[in-house]
Amino acid sequence: MIRAAGTLAAAVLACAACSSPDTSSSSAREPAGPTSAASAPTATASGGLDPGLASAAQSLAASAQAEASGMGQPIAPREPGVVGGDVSWPQCPAGMGIPHKVSKGAPMPTDDAAYVVIGLTNGPGFHANPCLADQVAWVKERRLLVAAYSVISWPDDATQQQYGGLREAGYAQAQFNLASMAAAGLESPIIWLDVEPVPFYDWSPDPEANAEVVLGAARGYADAGYRVGVYSTPHLWETVVGDLSLGVPEWRAAGKTSKAEALSRCGSDWMIQGGIGVLAQWVEAGRDVDVTCPGTETTLGDYFAQT
């Protein structure tokens, strides 16, 4: 995840066709085939975004607004400012992972964490977090709340040809990650999309083409009955996908600073793509630490599963 100062966006998308998805078991969900560009839900877009892409964006946003809550497990409200953490391949035992993304054994969350958001990928798409099952077991042993996030990345020419296009390749990344989740026994009512430049796996210079990939991944999760989120900063989001806007809740980061500074990112002045702040993140002692934005403590079941 992003270590620089800035904000993280998490867009929460719901399945347009699933009014009562089964959230009791990740393995019970069967991903459908990719929706066509003409009918795929999408988020709202501003400015000069291609009309077809904008229409797709608007559909996803409408789905999210219609089914924005009540999709997860009932979790009792807690006091405001619930603290947790997020982990992925950097927290795996040292030496694991693909080239350029080799783990160094970074520390896991501290004992005061109430929840953990676990990364599904080893950096770019189509590469699973090499210790995903162990991290899921770590969370379950401590009976913490849990959620999932996934890095979305640019598909190379061979991958585009294999799946039939950009949106289709994004959809396939989502399906790959769903299979990783099921194999690891990870359940989550939401999957946050990590949208940012990935070193050694660069996005294209065309934001609209990149947006097709992101929308494909979002559609893949939504079709499988999951809500979806977006992780980025305002600058990086715009750099990757231009003025694509999902208009749904966000996960925002403050970098190497403090809890107080992270909480300040919950306001509308740190909005990334038109949504409210749900989580805020800062980096402390080599760990990603997260805190709920005001109000999230009463809707934890929309964003986390109970282990």
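Values in this document were obtained by computation on a predicted structure and should not be read as measured data. (Residues numbered from 1 in each chain as written. Predicted model: local features only at pLDDT ≥ 70, side-chain atom pairs only at ≥ 80, totals over all residues. Heavy atoms only, no water.)

1. Focus on empty space enclosed by the protein
Leftover empty space is mapped by rolling, across the atoms, a probe with the size of a water molecule.
Here comes step 1: Under the defined criterion, the tally for this structure stands at 2 cavities of 30 Å³ or more.
Here comes step 2: In this structure, the second largest cavity occupies an estimated 30 Å³ of space.
Here comes step 3: Every residue lining the second largest cavity is listed: Asp86, Val87, Gln91, Pro107, Met108, Pro109, Arg287 and Asp288.
Here comes step 4: For the lining of the second largest cavity, the secondary structure elements donating two or more residues are strand E1 (83-87) and strand E8 (287-292).
Here comes step 5: Class assignment for the residues of the lining of the second largest cavity results in 4 nonpolar, 1 polar and 3 charged. (1 Å grid on protein atoms, 1.4 Å probe; cavity = no way out; pocket = protein on both sides within 12 Å on 5 of 7 lines; lining within 4 Å. Points joined across faces, edges and corners; volume = space filled by probe spheres on them. Helix = DSSP H or I, 4+ residues; strand = E, 2+ residues; numbered from the N terminus. Nonpolar A, V, L, I, M, F, W, Y, C, P; charged D, E, K, R; others polar.)

2. Structural notes on the pattern of salt bridges
Here comes step 1: Per the counting criterion, the structure on display carries 6 salt bridges.
Here comes step 2: We note a salt bridge from glutamate 250 to arginine 252, for which the minimum N-O separation is 3.0 Å.
Here comes step 3: Assessed through its relative accessible area of 0%, glutamate 250 is described here as buried.
Here comes step 4: Judged by relative accessible area, which is 1%, arginine 252 ranks as buried. (Salt bridge = Lys/Arg side-chain N within 4 Å of Asp/Glu carboxyl O. Buried < 20%, exposed > 50% of the residue type's maximum accessible area, 1.4 Å probe, protein only.)

3. Remarks on the packing of helix H4 (residues 166-184) against helix H5 (residues 207-223)
Here comes step 1: The contact between H4 and H5 brings their axes to 6 Å, and the two run at 40°. In terms of axis orientation, H4 runs oblique to H5. Where H4 crosses over H5, the two elements pack in a sense that is right-handed. Across the interface between the two elements, Leu166, Arg167, Gly170, Tyr171, Gln173, Ala174, Asn177 and Leu178 of H4 pack against Ala209, Glu212, Val213, Leu215, Gly216, Ala217, Arg219, Gly220, Tyr221 and Asp223 of H5. (Axes fitted to C-alpha atoms, helices over the stretch in contact; angles between N-to-C directions. Parallel < 35°, antiparallel > 145°, perpendicular 65-115°, else oblique. Left-handed = near helix turned anticlockwise from the far one by under 90°. Contact = heavy atoms within 4.5 Å.)

4. A closer look at the confidence of the model for the protein
A low pLDDT means the predicted coordinates there should not be read in detail.
Here comes step 1: With 80% of its residues at a pLDDT of 70 or more, the protein has an overall mean of 83.
Here comes step 2: Low pLDDT (under 50) marks residues 3-47, which in the prediction has 175 contacts with non-local residues, meaning those over four places away or in another chain.
Here comes step 3: Counting contacts from residues 66-70, a segment whose pLDDT is below 50, to residues more than four positions away or on other chains yields 11 contacts. (pLDDT = per-residue confidence, 0-100.)

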